[in-house]
Amino acid sequence: VSDVTLFIGYVNRFLDYLVSECGLAKNTVDSYRLDLTQFVLYLDERKIGTLEAITPDTILMFMARERNRGRHINSVARSLVAVRMLFRFLWAEGIVKENVTSALDAPKLAKYLPEVMTEGEVQALLATPDASTARGARARAVLELLYATGARVSEVCAMRLDALHLDLGYVRCFGKGSKERVVPVGREAARAIEDYLATARGEFLRGRESPYLFPSGRGHLSRSGVWSLVRESCLKAGIARRVSPHTLRHSFATHLL
C-alpha cells in the first residue's frame, strides 16, 4: 500500500465519522475533503510516509505553502481546522499516540461586515416580479420567503410542501446538519406563496408530482437558479450593487433588529 493510499484511507475514515456520528452537512464535509486531499498531496511531495513523521512544523509549512499559493487567510484557517480535527480523531481512535496539532493556533481571520440592503431597496426588489406570469409568481414567492424568514438559499430551494404551515404563520427549515427550526412567516410572504401555489406551481410540475415547494425538472429549484433570479430582479429594480440571496438573509436580520 502506497503512502498516499494509506493517508487517504485515514482521511476517508475520518470523513465517514463526520457524516455518520457528527451529522455534518455535505457541503462542510466536501470542504474538509478538499482541504485534507491537499494536505495528503503535500505529504507525498515531502516524501513523508508515516503519521509519526508528521510534526507541528510539517503542518505550519503546509499552511505557509497554501498561503503562498494565493489562498485567502480564511481558507488556510479552514484547512488547519480540518487537519486538527483529523488528528484529534486519529488520537481518539488510538491510531496516533500524540496529537501534534494540539499546540497550533489558528491564524487571525479577516473580518468583514456583511452587505446589507436598505429597507427601500428590499421593497423595490420585492415589487419587481410580475406575478401575473408563472416565472414572476415564483420569483416573488422565492424573494418574499428569503427575506421573511432569513433562510439560507439551500433551505428555500429544498423546502417541501409539508414544511409549510401558512395558516399558523410559520414554516419549518432544515439547515446545516439537517437541523430543523421553526421560522415565523409574515402575511405578505404567506400571500405570495399562496398565490404561487394557486396559479403557477402546476406549470413547473408539467404533469409530474413533487414534494418540493419549488419543483423543477431535476427535482427542485437550484441554488444557481435562485442566484439568477435575484440578479435579474435587482437589475429590474435598478439596484446596481452586487446582491446575493445571502444578502437578503443579512438584511432580514439587520432590519429585524
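Predicted model, so just to flag it, every value in this text is computed and none were measured.

About the cut-offs
Residues numbered from 1 in each chain as written. Predicted model: local features only at pLDDT ≥ 70, side-chain atom pairs only at ≥ 80, totals over all residues. Heavy atoms only, no water. Pairing = 2+ DSSP bridges. Helix = DSSP H or I, 4+ residues; strand = E, 2+ residues; numbered from the N terminus. Contact = heavy atoms within 4.5 Å. Salt bridge = Lys/Arg side-chain N within 4 Å of Asp/Glu carboxyl O. Buried < 20%, exposed > 50% of the residue type's maximum accessible area, 1.4 Å probe, protein only.

*Asks:* Hey, could you run me through the pairing of strand β2 (residues 170-174) in this one?
*Replies:* When a strand is regular, its side chains alternate between the sheet's two faces. As paired elements, strand β1 (residues 164-165) and β2 share two bridges and run antiparallel to each other. Of the residues in β2, the one forming a bridge with Leu164 is Val171. The loop that links β1 with its antiparallel partner β2 comprises four residues; one of these, Gly169, has a positive phi angle of about 80°. Of the pairings in the sheet, the one linking β2 to strand β3 (residues 180-184) comprises five bridges and is antiparallel in character. In the strand pairing of β3, Phe174 is matched with Glu180.

*Asks:* Looking at this structure, I do not really get the environment of Thr28. What am I missing?
*Replies:* Within the secondary structure layout, Thr28 lies in helix α2 (residues 26-45). It is 9.5 Å that separates the C-alpha atoms of Thr28 and Leu18, two residues lying 10 residues apart in sequence.

*Asks:* Would you mind showing me how to read the side chain of Thr247 here?
*Replies:* Relative to the elements of secondary structure, Thr247 occurs in helix α11 (residues 245-256). Excluding anything up to four places from it in sequence, Thr247 contacts Glu115 and Met117.

*Asks:* Looking at this structure, how should I read the pattern of salt bridges?
*Replies:* If charged atoms from side chains of opposite charge come close, those side chains can pair. Scanning the entire structure with this criterion turns up 17 salt bridges. We note a salt bridge from Glu66 to Arg69, for which the minimum N-O separation is 2.7 Å. Overall, Glu66 belongs to the buried group, its relative accessible area being 0%. The partner of Lys236 in a salt bridge is Glu232, and the shortest N-O contact between them spans 3.4 Å. Of this pair, Lys236 and Glu232 both sit in helix α10 (residues 223-237), separated by four residues, roughly a single helical turn. Given the relative accessible area of 37%, Glu232 is considered partly exposed. Within this structure, Asp35, Glu45, Arg65, Glu66, Arg69, Arg71 and Arg78 form a network of salt bridges that share partners.

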